[in-house]
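Here is how the chains run, residue by residue.
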Amino acid sequence: MPSLATSLGRRVLPALVVATAVGGCSSGGSGGGTSSTSSGAGAAATASATSAGPTSTFSGGRLFDPCSDLGDKALRSAGLDPKTKAVDETQSDVWLVCHWKPTDSDKYLVSLLSTSRTLAQGRDNATVTDYQDVKIGSRSGFTAVAIDPDHLRCYAAMPAAQGMFEVLVVWRADIKAGSGDLPPCKLAVKYASALESDLPK
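Residues numbered from 1 in each chain as written. Predicted model: local features only at pLDDT ≥ 70, side-chain atom pairs only at ≥ 80, totals over all residues. Heavy atoms only, no water.

A. Just the nonpolar core, in detail. In this structure, Leu70, Tyr191 and Leu199 are the most contacted members of the largest nonpolar core, which totals 29 residues. When residues of this core are traced back to their parent elements, those giving at least two are helix 2 (72-78), strand 4 (95-100), strand 5 (108-115), strand 8 (153-160), strand 9 (163-171) and helix 4 (185-196). Residue contacts for Leu70: discarding those within four places in its chain leaves Phe64, Asp65, Leu75, Trp100, Leu112, Leu195, Asp198 and Leu199. Among the nonpolar cores identified, the runner-up in size contains 14 residues, and Val94, Trp95, Tyr155 and Ala157 belong to it. (Core = buried A, V, L, I, M, F, W, Y, C linked by side-chain atoms within 4.5 Å. Buried < 20%, exposed > 50% of the residue type's maximum accessible area, 1.4 Å probe, protein only. Helix = DSSP H or I, 4+ residues; strand = E, 2+ residues; numbered from the N terminus. Contact = heavy atoms within 4.5 Å.)

B. Structural view of the packing of aromatic side chains. For the coordinates displayed, the defined rule picks out 4 aromatic pairs. Ring pairing ties together the aromatic residues Tyr108, Trp171 and Tyr191, which thus form one cluster. (Phe/Tyr/Trp six-rings, centres within 6.5 Å; stacked < 30°, edge-to-face > 60°.)

C. Highlighting the pattern of salt bridges. With the rule as written, the count across this model stands at 7 salt bridges. Between Asp69 and Arg62 there is a salt bridge, with its nearest N and O atoms 2.9 Å apart. By relative accessible area, Asp69 is classed as partly exposed at 31%. Across the pair Arg123 and Asp133 runs a salt bridge, and its minimum N-O distance is 2.4 Å. On the criterion of sequence distance, the pair formed by Arg123 in helix 3 (residues 119-123) and Asp133 in strand 6 (residues 128-136) is long-range, its members being 10 residues apart. The exposure class assigned to Asp133 is exposed, which follows from its relative accessible area of 62%. One continuous salt-bridge network, built from bridges that share partners, spans Arg139, Glu196 and Lys201. (Salt bridge = Lys/Arg side-chain N within 4 Å of Asp/Glu carboxyl O.)

Following this line, the structure appears as structure tokens:
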């Protein structure tokens, strides 16, 4: 999974949340717009970005692109605002990442990561800790917390034929969290479960 432990710090995150309110996915899709914004979320700890750009494929074909393949209806049903869609500019040949703001909160950001990396590879990552097995819809996955003293980031990962999907929730560092809010793993599982049926098996 991409390493956000250093790329989404206290200074970057508030700006990113603002940017996603006006950003669009450069790869198209029903959200409209052609601009994009970068959070550094695609700078995978387990994969290197290629200078020639992402091939976005795996052994079975094309990677699911969360920016163009996930419809507005699915996003709204999951509680995400399609108009805030923003593509991560640091895509790699094994990671495609898109971000949204939730419709009912400005306290955190939600990202969907599509990758050819497997759950087993996802568990072998030095940038995250505290793995917990969870059920995400019909799939068995896990949550993992980014190594960060403030516990602001949590991933919910689920398997797929292409490799896996991860939903990442990043709590805004400039907004005080309530008791039980951090790490935001319950939120990550909530959004992952809401999106699961709209993602390829």
